[in-house]
Amino acid sequence: ALRPGRGQYINFGLYKNGWYELNTPLPSDIYNGEWHHVAGVYDGSTMKIFYDGQFIASQNVSISIGSSSRDVGIGYCTQEGRSF
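Predicted model only: the values in this text are computed from it and were never measured.

Draft legend 1. Examining the overall build of the chain more closely. Scanning the chain for helices and strands turns up zero helices and eight strands. Ordered by position from N to C terminus, the α and β elements of the chain give β-β-β-β-β-β-β-β. Overall size of the chain, expressed as C-alpha extent along the three principal axes, is 40 × 30 × 20 Å. A total of 84 residues make up the chain; the buried ones form 21% of that total. Across the chain, contacts joining residues at least 24 apart in sequence account for 30% of those joining residues at least 6 apart.

In structure tokens, the structure reads:
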């Protein structure tokens, strides 16, 4: 999951028998009327958040990503019916 969080932060979460979450404050220019690119990346050992191509936060996590038959939702949680 990659989402804006309560309290003005970016939340990147991975789920494997519980949530692993990385939070970082929203960049000060995020509400400047321009589009911005936010990405959450997991390489098998580290969760990272990037903002407009710049690294802004990381956290070491060691979990294996499994497979799922559930639908992928972009901007929508298919299991809980929540929209972005």
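Now that the structure is up, let's keep going.
Draft legend 2. Geometry of the sheet that holds strand β2 (residues 9–15). With antiparallel pairing, the three strands of this open sheet are ordered in space as β1-β2-β3. Two strands lie at the open edges of the sheet, namely β1 (2–5) and β3 (19–25), each paired on one side alone. The mean inter-strand angle of the sheet, taken between neighbouring strand axes irrespective of direction, is 30°. Here β1 runs beside β2; their pairing, made up of four bridges, is antiparallel. Bridge pairing in β2 places L2 opposite F12.

Draft legend 3. Layout of the pattern of salt bridges. Taken as a whole and judged by the stated rule, the model has one salt bridge. With a closest N to O distance of 3.3 Å, E21 and R3 form a salt bridge. A residue pair is termed long-range when its members are at least 10 positions apart, and E21 in strand β3 and R3 in strand β1 qualify at 18 residues.

Definitions and limits used
Counting restarts for each chain, with residues numbered from 1 along the sequence as it is written. Where totals are concerned, whole chains, interfaces and linings use all residues; where local detail is concerned, this predicted model gives features only for residues with pLDDT of at least 70, and gives and counts side-chain atom pairs only at 80 or more. Hydrogens and waters are ignored; side-chain quantities use all the structure's heavy atoms. By definition, any uninterrupted DSSP run of H or I lasting at least four residues is a helix, any uninterrupted run of E lasting at least two residues is a strand, and each is numbered from the N terminus. Here's how the labels work: a residue is buried when its accessible area is under 20% of the maximum for its type, exposed when over 50%, partly exposed in between, all with a 1.4 Å probe on protein chains only. Between two residues, a contact is recorded if the distance between any of their heavy atoms is within 4.5 Å. Two strands are counted as paired when DSSP detects at least two bridges linking them. Here an angle of 0 to 180 degrees is reported between the N-to-C directions of two axes, which are lines fitted to C-alpha atoms, with helices fitted over the stretch in contact. Any Lys or Arg side-chain nitrogen found within 4 Å of a carboxyl oxygen on Asp or Glu counts as a salt bridge.

Fair warning: the whole summary comes from geometry, so function is off the table for now.
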